[in-house]
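If you want the building blocks of each chain, they are given just below.
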Amino acid sequence: MIQSHEIRRRLQRTMLWTGTILLLVLSFTPRTIMTPVRGAQSSSQATGNANAYPQTTDNSKAYPQSQSGSPVYAPTQVVPHIPLPHERQEWADKVRDSYNFSILKDNISLPGNAQVEGGDFIQPGAFPTAQYCGHCHQEAYSQWREALHSNSFRTPFYRTSVNIVINTKGIQFSRHCDSCHNPIAVLSGGLTQNSIVDRTFDQDGLTCMTCHSISSVQSTLGNGGYVMGVPAVMTDTNGKRIPGEVPYADILTHPDWHAKAVMRPLLQQPEFCASCHKANLPNSLNDYKWIRAFTAYDEWQNSKFSQRNPLTFYQADFKTCQGCHMERQPISLPEPGAKHGTFVSHRWLAGNTASPFYYGFDEQLKKTIAFLKSGNYLNVDLFGIRINGQQQIVAPLGSKGYSLKPDDTVEVSVVIQNKNIGHSLIPEVRDLYEAWVEFEAKDVTTGKTIYHSGFMKPDGSLDERAHSFTNRPVNEGGTFVDNHKVWTIHSVAYDNTVAAGRSVLVRYEFKVPLGTAHAVVITAKVNYRHLRRSYTDNIFGKDDYPDYPIIEIAARTRTMHIGNNEPEPADTHDNPEWMRWNNLGVSYLDQFQYAEAIDAFDHVIKLRPDYADGYTNLALTNLGWEKFSSARAELEKALQLSPDNARALYYMALIERRSGSNKEEIADLKKVVEMYPDSVDARRELGISYYQSRNSAAAMEQFKALQRIDPDNLTAHYNLSLLYRRAGMKNEAKEQAALFATKKIDPGAPTYSSDFLRRHPEISTESIPWHIHSDMRDDPKDASLPSQGTRDGGSH
Amino acid sequence: MEEVIKVWPASIEPLAIRIGCVLLSSFFLCSANVHAQQVEGCPWLNRATAAGVLGGDVRLTVTHPEKDQIEQINGAPADATCEFKLLIGTPGTILRIAVHTLQDHKKDFGAYLALCGSSGHRLFGVGNEAIACVVQNDQGEVTQQVIARVRERAFLFTWSMPKPKPGSSEKDLQTIRDKVQNMTEQIAGSLF
């Protein structure tokens with residue numbers, strides 16, 4: 001195991017290098033580039049997009065078809081101002097008279113990114129109402145009414161946060177949130193002081209004709225990065241859109257024209273979701289700097305379900321956001337959009353139990369709970385135990401026998417795998433959502449709890465020392481931003497999420513009481529609560545509301561008998577043994593415990609000698625451990641088993657780079673890019689390889705492609721700024737340098753986190769990967785010590 | 001005798017005096033009504049929304065209580081009463097929102113709830129708790145009333161309207177109920 005001082009040394013070295021690189025950037029960057037962060041943001045926003053994508057207004061160009069015929073997402077921009085129909089022009093002029101543009105003249109949504117065709121305010125009445133659509137689409141309407149999208153604005157959970165923005169910073173700043181939560185309010189010009197907009201539409205949040213009118217997505221920057229089309233439910237014979245509501249009879253006569261108007265292929269694309277399920281805090285909102293908020297879309301893109309990332313630990317069939325959250329279900333009400341008695345769910349089932357609980361939407365609540373419990377999303381593995389600090393772990397539990405007696409000290413290794421979620425556990429606003437591990441050891445005979453972690457306290461809040469998958473954003477005073485005042489966030493002191501497909505190892509320790517007669521039963525669960533107690537306290541007032549639901553997503557129980565324990569058959573939900581070891585290896589790898597990771601992956605190889613990824617996992621560990629020759633040998637073995645294995649080729653390229661084999665490095669990465677053209681990592685590394693081989697044109701091409709996939713990518717901003725400058729493209733270079741400057745992490749930010757961690761030892765302990773949860777070590781500092789079994793097993 | 005020098009023609013004199021009086025009285029009126037005119041808009045429901053619901057232009061009056069205001073957290077607007085009066089169309093149509101901060105809501109809110117008596121029914125989705133009822137006076141005028149609470153703040157929503165026309169359908173009544181739900185949701189939403 002790597003000792004903590006070694007990790008510190010490595011961190012210090014990394015920081016030193018980062019600092020040096022930043023200094024170099026600062027030294028070589030013209031002053032004009034580094035100046036005003038606000039100006040930098042504005043210059044990009046003035047064109048409507050941070051990236052110089054070609055302007056596209058023709059929808060046929062915006063949605064190129066792939067060879068297979070499925071639509072392909074292509075970023076687009078809106079033409080700022082075009083002549084508008086009289087009624088809309090009149091409305092826009094009227095709104096503009098008193099509209100507080102605040103940040104940038106003529107940009108109606110900043111600090112949000114929402115745009116509308118025509119580039120000017122649109123009457124709220126231009127959007128046909130949900131009731132209008134619901135006349136025929138009864139199933140869709142009834143589902144939508146209970147779903148999060150229809151309640152995106154009105155819920156207390158949202159209003160409490162947005163009201164703070166409105167009351168402390170001004171309503172114009174709420175456009176940042178409402179670009180997604182209430183697009184009609186933003187685009188009609190309702191979010192200004194003394195607005196003239198009738199807000200009865202607030203009740204419908206994201207109404208049918210907001211999603212079904214979006215004509216394109218500007219990029220995957222998020223923050224409402226869509227372009228709203230002028231709502232139309234019909235086209236004419238020539239395919240020209242007819243704005244507004246039309247008589248039902250017309251729709252029934254030409255349902256194909258109706259479908260053409262409202263069912264754009266973009267609706268089925270994950271990038272459609274990205275426009276809102278990805279967010280950042282721009283400096284125009286926080287007067288500080290650009291900060292990433294959440295990236296559910298990027299997380300999906302990095303997951304096995306996107307099939308765009310060659311580096312995932314496991315593979316799966318392609319599945320989009322809609323594939324999970326809009327699954328076809330049988331209908332119970334008339335629905336013209338149904339096929340064979342089923343209809344894509346307009347409930348968008350996910351984790352939110354709070355809204356249906358508040359509104360009394362029992363059906364939505366029931367289905368949400370069922371969704372969370374279904375799908376084999378998580379795997380909880382009571383993987384192994386160490387008894388009395390023995391070096392040898394008894395693992396995997398169930399496969400190995402052992403003996404237990406009273407007064408033994410037991411350390412349990414629990415491996416939680418984010419198995420089938422297409423994003424992190426937990427996604428998005430993890431300062432508000434709460435998922436955690438509840439672990440309990442009980443005396444079977446007496447029912448008495450021996451040890452319990454992750455319990456609910458009498459006031460309804462979670463045990464502070466629970467292993468939670470939340471985060472802790474902090475402000476410049478180092479205080480937790482408890483009430484989602486996102487514009488005050490300066491740093492994230494702790495973020496304990498589990499990325500899609502990865503696993504985490506959580507350790508618990510307890511002593512078997514002397515009087516234990518028969519057995520101890522241990523249970524580990526992953527629970528979820530939407531929302532954290534202190535946040536609902538902010539909303540409703542302390543002790544003034546019913547308890548919000550806590551859902552057990554996954555759990556595993558095992559009985560440990562006093563005396564001998566024989567191997568037992570696996571449970572149907574248990575992973576196969578090789579996968580159990582593999583997940584353990586992944587967990588150790590993420591905890592920088594390379595020797596243990598190697599041991600775990602060795603078990604995988606023994607159980608599955610034909611498994612190429614097993615060797616790649618060993619190589620990946622050795623790469624982290626800087627044992628390059630071992631890594632090379634393992635990758636060669638992986639490639640022998642699977643010659644075009646993109647994952648192995650990718651890591652092999654990194655080794656070749658280190659050994660100066662630039663040609664081989666580029667050849668391998670090119671192969672990976674050919675197989676995975678939307679791989680962020682492969683594009684980045686190939687760009688770097690070309691850059692290092694002084695092939696500026698090829699490097700530029702890769703970084704531009706990278707930027708199309710991930711418009712916030714720092715490597716792309718940085719390198720493009722240099723490459724553009726060399727190519728004499730001064731303005732482009734300036735823009736990229738400015739974007740790099742505003743998006744890079746504030747080197748001072750960790751000090752805010754340190755302040756918080758110093759005051760919160762329980763979180764400080766949690767932030768150290770190899771901590772142990774125990775009542776036997778009352779001092780939190782002790783809990784952060786390596787486990788007894790591994791203390792002497794140092795890797796160095 | 002010294003002649004008085006007039007600075008304006010005699011024909012203008014009465015007019016000037018009248019203008020002076022109007023300005024002077026306006027000043028006093030404005031001063032007396034300073035509380036009523038402090039806030040231009042209603043913090044919890046904008047004029048356009050009220051006008052849309054009532055079906056025509058409205059006049060908005062915002063008044064603040066005389067007593068010391070309890071300071072609200074996070075810059076939330078202080079207690080006030082907003083009154084939207086329909087200017088043209090059905091006379092007697094008034095929508096009023098009165099927001100009060102309670103010292104001890106567990107004790108004090110009961111008195112508010114009593115305003116609906118036993119006829120109140122629970123409204124979902126409005127504040128921490130809300131009840132709605134319909135009050136009819138001797139003249140047959142109807143008031144839609146909602147009493148609700150958001151944390152420690154109570155609000156009383158009343159929508160007075162003339163006697164319903166004979167033969168009003170259930171659909172008409174439902175439309176009114178939907179509008180009440182929508183507006184009170186907005187008010188509660190703004191108070192959260």
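Residues numbered from 1 in each chain as written. Chains lettered and ligands numbered in written order. Predicted model: local features only at pLDDT ≥ 70, side-chain atom pairs only at ≥ 80, totals over all residues.

(A) Expanded view of the overall build of chain B. A count of helical and extended segments in chain B gives 4 helices and 7 strands. Residues counted as buried form 27% of the 192 residues belonging to chain B. Taking the contacts inside chain B whose residues are at least 6 apart along the sequence as the reference set, 55% of them involve residues at least 24 apart. (Helix = DSSP H or I, 4+ residues; strand = E, 2+ residues; numbered from the N terminus. Buried ≥ 20, exposed ≤ 12 C-beta atoms within 10 Å, placed from the backbone. Contact = placed C-beta atoms within 7 Å.)

(B) Main features of the overall build of chain A. A count of helical and extended segments in chain A gives 34 helices and 22 strands. Expressed as a percentage of contacts within chain A between residues at least 6 apart in sequence, the contacts between residues at least 24 apart total 67%.

(C) The sheet that holds strand β4 (residues 121-122) of chain B, seen in detail. Residues and elements named next belong to chain B. On the basis of which strands lie adjacent, the open sheet formed by 7 strands has the order β1-β2-β3-β7-β6-β5-β4 and antiparallel pairing. Of all the strands in the sheet, the pair left with one neighbour each is β1 (58-63) and β4. Bridge count between strand β5 (residues 129-136) and strand β6 (residues 142-150): 8 bridges; the pairing is antiparallel. Counterpart to Ala130 in the pairing with β6 is Ala148. This element, helix α4 (residues 170-191), spans β3 (94-101), β5, β6 and β7 (153-161) of the sheet and lies at about 30 degrees to β6. (Pairing = 2+ DSSP bridges. Axes fitted to C-alpha atoms, helices over the stretch in contact; angles between N-to-C directions.)

(D) Here's a closer look at the domain arrangement of chain A. Residue and element names in this part refer to chain A. Domain boundaries in chain A define domain 1 (40-287 + 328-339) and domain 2 (376-574). Between the C-alpha centres of domain 1 and domain 2 the distance comes to 40 Å. Taken together, the 9 residues of domain 1 in the interface contact 9 residues of domain 2. Of all the secondary structure elements, the ones that give two or more residues to the side of domain 1 that touches domain 2 are α8 (156-168) and α15 (283-286). The element best represented in the side of domain 1 that touches domain 2 is α8, accounting for 5 residues. Within the side of domain 1 that touches domain 2, the residues separate by chemical class into 5 nonpolar, 3 polar and 1 charged. (Domains from an automatic or database assignment. Nonpolar A, V, L, I, M, F, W, Y, C, P; charged D, E, K, R; others polar.)

(E) Region of interest: the confidence of the model for chain A. Residue and element names in this part refer to chain A. When pLDDT is averaged across chain A, the result is 89; 87% of the residues are at 70 or more. Confidence over residues 1-72 falls short of pLDDT 50; this stretch has 94 contacts with residues more than four positions distant or in other chains. For residues 786-796, every residue scores under 50 in pLDDT, and the model assigns this stretch 30 contacts once sequence neighbours within four places are set aside. (pLDDT = per-residue confidence, 0-100.)

(F) The pairing of strand β10 (residues 378-387) of chain A, seen in detail. All names here are of chain A. Counting buried residues along β10, 9 of its 10 residues qualify, which places the element largely inside the surrounding structure. Both β10 and strand β12 (residues 409-418) contribute to a ladder of 9 bridges, which runs antiparallel. Bridge pairing in β12 places Leu382 opposite Val414.

(G) Local environment of the nonpolar core. All names here are of chain A. Core analysis: the biggest nonpolar cluster contains 206 residues, and Val414 and Ile416 have the highest contact counts within it. If you tally residues by element for this core, the top one is helix α25 (residues 646-658), at 8 residues. Beyond its immediate chain neighbours, meaning those up to four positions away, Val414 contacts Val380, Asp381, Leu382, Phe383, Val437, Phe439, Val506, Tyr508 and Ala524. (Core = buried A, V, L, I, M, F, W, Y, C linked by C-beta atoms within 7 Å.)

(H) Representation of the interface of chain A and chain B. Across the boundary between the two partners, chain A contributes 25 residues, which contact 21 residues of chain B. When contributions to the side of chain A that touches chain B are tallied by element, the ones reaching two or more residues are α8, α18 (354-359) and α20 (533-540) of chain A. With 7 residues, the single largest contributor to the side of chain A that touches chain B is α8 of chain A.

(I) View of the sheet that holds strand β3 (residues 226-228) of chain A. Strand order in the open sheet formed by 3 strands is β1-β3-β2 (chain A), with mixed pairing between adjacent strands. Across the chains shown, the open sheet's two edge strands, defined by having one partner strand only, are β1 (115-116) and β2 (214-217) of chain A.

(J) View of the packing of helix α23 (residues 612-624) of chain A against α25 of chain A. All names here are of chain A. Following both chains from N to C, one finds α23 and α25 inclined at 25 degrees, their axes separated by 10 Å at the closest point. In terms of orientation, α23 lies roughly parallel with respect to α25. Our pair here, α23 against α25, has a crossing hand that is left-handed. Of the residues in α25, those in contact with Ala612, Asp613, Thr616, Ala619, Leu620 and Leu623 of α23 are Arg647, Ala648, Tyr651 and Leu654. Of the residues contributing to the contact of α23 with α25, the split by class is 7 nonpolar, 1 polar and 2 charged. (Parallel < 35°, antiparallel > 145°, perpendicular 65-115°, else oblique. Left-handed = near helix turned anticlockwise from the far one by under 90°.)

(K) The arrangement of the environment of Tyr615 of chain A in detail. Residue and element names in this part refer to chain A. Here Tyr615 is to be found in helix α23. The exposure class of Tyr615 is buried, given the 26 C-beta atoms found within 10 Å. Between the alpha carbons of Tyr615 and Ala595 there is a distance of 15 Å; along the sequence they are 20 residues apart. When near neighbours in sequence (up to four residues on either side) are disregarded, Tyr615 contacts Ile605, Glu634, Lys637 and Ala638.

(L) Layout of the environment of Pro83 of chain A. Residues and elements named next belong to chain A. Within the secondary structure, Pro83 is located in the loop between α4 (59-62) and α5 (86-98). By the C-beta count within 10 Å, which is 7 here, Pro83 ends up exposed. C-alpha separation for the pair Pro83 and Asp120, spaced 37 residues apart in sequence, amounts to 9.8 Å.

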